[in-house]
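Spelled out, the chains give:
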Amino acid sequence: MKGYAKACANIALAKYWGKSDEVLNLPAVPSVSVTLDALVTETTVERDASLSGDEVVIDGARDEKAARKVTALLDLVRAQAGVSLDDPRRFARVSSENHFPAASGLASSASGFAALTAAGARAYGAELSLEALSALARRGSASAARSLFGGFVELPAGVPGDGSLAARMLHPPSWWDVRVVIALVTKAPKAVASRDGMRETARTSPYWSAWLACSPGYAHAVKEAIAKRDLEALGSTMEASTFAMHASAWAAVPAVRYVRGVTLDVLDRVEALRRAGTGAWATMDAGPHVKVLCAAGDAERVAAAMRDAPGVIDVRVASPGDGVVVA
Ligand code: DP6
């Protein structure tokens with residue numbers, strides 16, 4: 001009747017941007033990520049037959065907007081568990097805590113939907129493999145499919161209509177002791193949800209077809225670099241994938257632009273680090289924050305440079321993290 005799960009966020013090394021099937025939430029391009037131990041979500045799902053709807057509390061506050069997404073995902077879990085969607089006693093109390101830098105606007109949907117799916121499956125008694133959980137979490141957020149797994153993870157592109165698509169682990173966290181230094185530049189929530197940004201990019205950007213054409217190559221090169229533990233190859237391909245994704249969005253009409261001036265200032269710092277001989281490479285997702293990939297031994301130097309950068313309000317250092325834990 002009750003399930004608990006803990007999941008980490010992840011950062012894409014080869015980016016997912018755009019869908020091949022909006023209903024099944026299938027990505028149009030393959031992506032590769034590393035799960036991050038420093039960004040954790042803990043979620044409890046407890047069935048309560050007295051409720052007339054799912055009750056959702058996130059970071060201590062009732063959240064009606066999130067509740068609709070939570071119910072949509074839990075309905076999929078309930079269907080897997082054989083719980084009828086007509087059963088008036090099917091609802092649950094959901095409580096989720098994000099252990100993220102306070103009000104950071106960092107994406108918590110990956111860890112959030114991964115933890116919700118696993119906790120929900122436990123609460124409703126659905127015995128599902130990690131792969132099946134990943135395919136379900138993908139319906140909430142495609143990046144969440146990757147957060148079921150630890151270490152280095154791949155999510156292939158989806159074939160329209162094939163709802164079974166799941167992520168898979170390429171290598172465990174112990175494979176490669178890299179670091180991701182997270183530089184937060186604002187506390188403001190993101191301007192455009194990634195879902196809307198992707199839709200507008202696909203609909204109006206002249207660079208959309210170029211993005212689709214380039215993405216499989218980025219994912220392939222990222223996987224090769226991880227297999228060889230070649231940080232320079234990984235970092236430079238991650239940057240190429242990042243800038244191609246943002247360029248495709250920027251060329252949408254009207255522009256979908258996530259970077260701010262302070263983002264560019266931080267990117268200058270990362271380039272300066274590289275010029276001075278420290279291997280450091282940057283990436284951004286659907287927001288202005290910068291995440292910097294580097295070797296474990298360089299993490300303190302990179303973090304210090306980020307703390308020193310104008311406009312940076314908080315810096316965290318993450319290592320490759322574990323997959324979902326259920327209890
Ligand atoms: C830029 O997984 O949040 O972070 O599937 O629509 O919920 P939906 O999108 P989401 O998109 C993440 C996009 C990204 C790149 C990535 O994580 O691969």
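Since the model is a prediction, treat every value here as computed from it, not as a measurement.

What counts, and where the lines are drawn
- Residues numbered from 1 in each chain as written.
- Predicted model: local features only at pLDDT ≥ 70, side-chain atom pairs only at ≥ 80, totals over all residues.
- Heavy atoms only, no water.
- Phe/Tyr/Trp six-rings, centres within 6.5 Å; stacked < 30°, edge-to-face > 60°.
- Buried < 20%, exposed > 50% of the residue type's maximum accessible area, 1.4 Å probe, protein only.
- Lys NZ or Arg CZ within 6 Å of the ring centre and 35° of its normal.
- Near = heavy atom within 4 Å.
- Polar contact = N/O pair within 3.5 Å; in protein donor to acceptor, adjacent residues only side chain to side chain.
- Areas by Shrake-Rupley, 256 points an atom, 1.4 Å probe, with all protein chains shown as cover.
- Helix = DSSP H or I, 4+ residues; strand = E, 2+ residues; numbered from the N terminus.
- Nonpolar A, V, L, I, M, F, W, Y, C, P; charged D, E, K, R; others polar.
- Domains from an automatic or database assignment.
- Contact = heavy atoms within 4.5 Å.
- Buried area = accessible area lost by both parts, 1.4 Å probe.
- Salt bridge = Lys/Arg side-chain N within 4 Å of Asp/Glu carboxyl O.

Description of the packing of aromatic side chains
Right, on to step 1. The tally for this structure, following the rule as stated, stands at three aromatic pairs.
Right, on to step 2. Between the aromatic rings of tryptophan 211 and tyrosine 218, the centroid separation amounts to 6.4 Å while the plane-to-plane angle is 35°, which identifies the pairing as tilted. This pair shows no difference in class: tryptophan 211 is buried, exactly as tyrosine 218 is.
Right, on to step 3. When the ring centre of tryptophan 175 is taken as origin, the NZ or CZ atom of arginine 229, which lies over that ring, is 3.7 Å away.

Regarding the site of the ligand
Right, on to step 1. Tyr16, Lys19, Ser141, Ser143 and Arg146 are the nearest of the 18 residues found near the ligand.
Right, on to step 2. Arginine 146 places a polar side-chain atom, nitrogen or oxygen, 2.8 Å from an oxygen atom of the ligand.
Right, on to step 3. A distance of 2.9 Å separates an oxygen atom of the ligand from a polar side-chain atom of arginine 195.
Right, on to step 4. In isolation the ligand offers 460 Å² of accessible surface; the protein chains occlude 93% of this area.
Right, on to step 5. Elements represented by at least two residues in the shell around the ligand include exactly α4 (142–147) and α5 (194–204).
Right, on to step 6. The residue inventory of the shell around the ligand, partitioned by class, reads seven nonpolar, six polar and five charged.
Right, on to step 7. Mapping the shell around the ligand onto the domain boundaries places at least three of its residues in each of domain 1 (2–173) and domain 2 (178–318).

Quick word on the domain arrangement of the protein chain
Right, on to step 1. Domain assignment breaks the protein chain into domain 1 (2–173) and domain 2 (178–318).
Right, on to step 2. Between the C-alpha centres of domain 1 and domain 2 there is a distance of 24 Å.
Right, on to step 3. Taken together, the contact pairs 33 residues of domain 1 with 42 residues of domain 2.
Right, on to step 4. Taken together, the two surfaces of domain 1 and domain 2 that pack against each other cover about 2,900 Å², and 73% of this comes from carbon and sulfur.
Right, on to step 5. The tally of links between domain 1 and domain 2 comes to three salt bridges.
Right, on to step 6. The partner of aspartate 285 in a salt bridge is lysine 15, and the shortest N-O contact between them spans 2.7 Å.

Structural notes on the side chain of aspartate 54
Right, on to step 1. When you line up the elements, aspartate 54 lands in the loop between β4 (31–47) and β5 (55–58).
Right, on to step 2. Within polar-contact distance, the side chain of aspartate 54 engages the side chain of arginine 78 at 2.8 Å.
Right, on to step 3. A distance of 2.9 Å separates the side chain of aspartate 54 from the backbone nitrogen of alanine 92, its partner in a polar contact.
Right, on to step 4. Apart from residues lying up to four places away in sequence, aspartate 54 is in contact with Thr71, Leu74, Arg78, Phe91 and Ala92.

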